[in-house]
Amino acid sequence: MAKFRLSRRAEADLLSIGEFTLGEWGETQTIRYLGELEKCCQMLADNPFLGRACEHVVSACVATSMVDMSSSIDSRKRAS
């Protein structure tokens, strides 16, 4: 069984998903849903070549991150 680690952002996203699911569908569904997401992550860790290439998604994420970073830097400069 391969190990995987989620980024802080991914953990925050899962927490938000869990909170939303709990509010909409209750504890039983929240546990089931988050368990299935964890199984999926484990399956991908165990089978890294499963699925399709998605460079276009990765490129978009990197571009978005760079925009977010530059916006954050700009707002810090203005605050100084």
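Just above, that's the structure.
An account of the accompanying structure is given in this report. (Residues numbered from 1 in each chain as written. Predicted model: local features only at pLDDT ≥ 70, side-chain atom pairs only at ≥ 80, totals over all residues. Heavy atoms only, no water.)

**Things to note about the overall build of the protein chain**
And then number 1: Scanning the protein chain from terminus to terminus reveals three helices and zero strands.
And then number 2: Secondary structure of the protein chain in N-to-C order comes out as α-α-α.
And then number 3: Expressed as a percentage of the 80 residues in the protein chain, the buried residues total 5%. (Helix = DSSP H or I, 4+ residues; strand = E, 2+ residues; numbered from the N terminus. Buried < 20%, exposed > 50% of the residue type's maximum accessible area, 1.4 Å probe, protein only.)

**Focus on the packing of aromatic side chains**
And then number 1: Summed over the entire model, instances satisfying the criterion amount to one aromatic pair.
And then number 2: Geometrically, the ring pair formed by F20 and W25 is edge-to-face, given 5.8 Å between the ring centres and 75° between the ring planes. In this structure, F20 and W25 share a single accessibility class: exposed. (Phe/Tyr/Trp six-rings, centres within 6.5 Å; stacked < 30°, edge-to-face > 60°.)

**Digging into the pattern of salt bridges**
And then number 1: Here the structure, examined in full by the defined rule, presents one salt bridge.
And then number 2: Linking K39 and E36 is a salt bridge whose minimum nitrogen-to-oxygen distance equals 3.3 Å. Residue K39 and its partner E36 are both found in helix α2 (residues 27–46); the two are separated by three residues, about one turn of the helix.
And then number 3: The exposure class assigned to K39 is exposed, which follows from its relative accessible area of 54%. (Salt bridge = Lys/Arg side-chain N within 4 Å of Asp/Glu carboxyl O.)

**With respect to the environment of F4**
And then number 1: Residue placement: F4 occurs in the segment before α1 (8–25).
And then number 2: C-alpha of F4 to C-alpha of A45: the two residues are 41 residues apart in sequence and 6.1 Å apart in space.
And then number 3: Residues within four places of F4 in sequence aside, it is in contact with E38, C41, Q42 and A45. (Contact = heavy atoms within 4.5 Å.)

**Description of the packing of α1 against α2**
And then number 1: The geometry of α1 relative to α2 is characterised by a closest axis approach of 7 Å and an angle of 150° between their N-to-C directions. Taken together, the axis directions place α1 and α2 in an arrangement best described as roughly antiparallel. For the crossing formed where α1 meets α2, the hand is right-handed. Of the residues in α2, those touching α1 at L14, I17, G18, T21, L22 and W25 are E27, Q29, T30, Y33, L34 and L37. (Axes fitted to C-alpha atoms, helices over the stretch in contact; angles between N-to-C directions. Parallel < 35°, antiparallel > 145°, perpendicular 65-115°, else oblique. Left-handed = near helix turned anticlockwise from the far one by under 90°.)

**Notes on a nonpolar patch on the surface**
And then number 1: Taken together, the side chains of M43, L44 and L50 present a nonpolar region at the surface, about 260 Å² in accessible area.
And then number 2: Along the chain, L44 turns up in helix α2. (Patch = residues over 30% accessible without salt bridge, like charges linked within 9 Å, V, L, I, M, F, W, Y side chains within 5 Å. Areas by Shrake-Rupley, 256 points an atom, 1.4 Å probe, with all protein chains shown as cover.)

**Thoughts on the side chain of Q42**
And then number 1: Structurally, Q42 is set in helix α2.
And then number 2: Within the structure, Q42 has its side chain in polar contact with the backbone oxygen of A2 (distance 2.6 Å). (Polar contact = N/O pair within 3.5 Å; in protein donor to acceptor, adjacent residues only side chain to side chain.)

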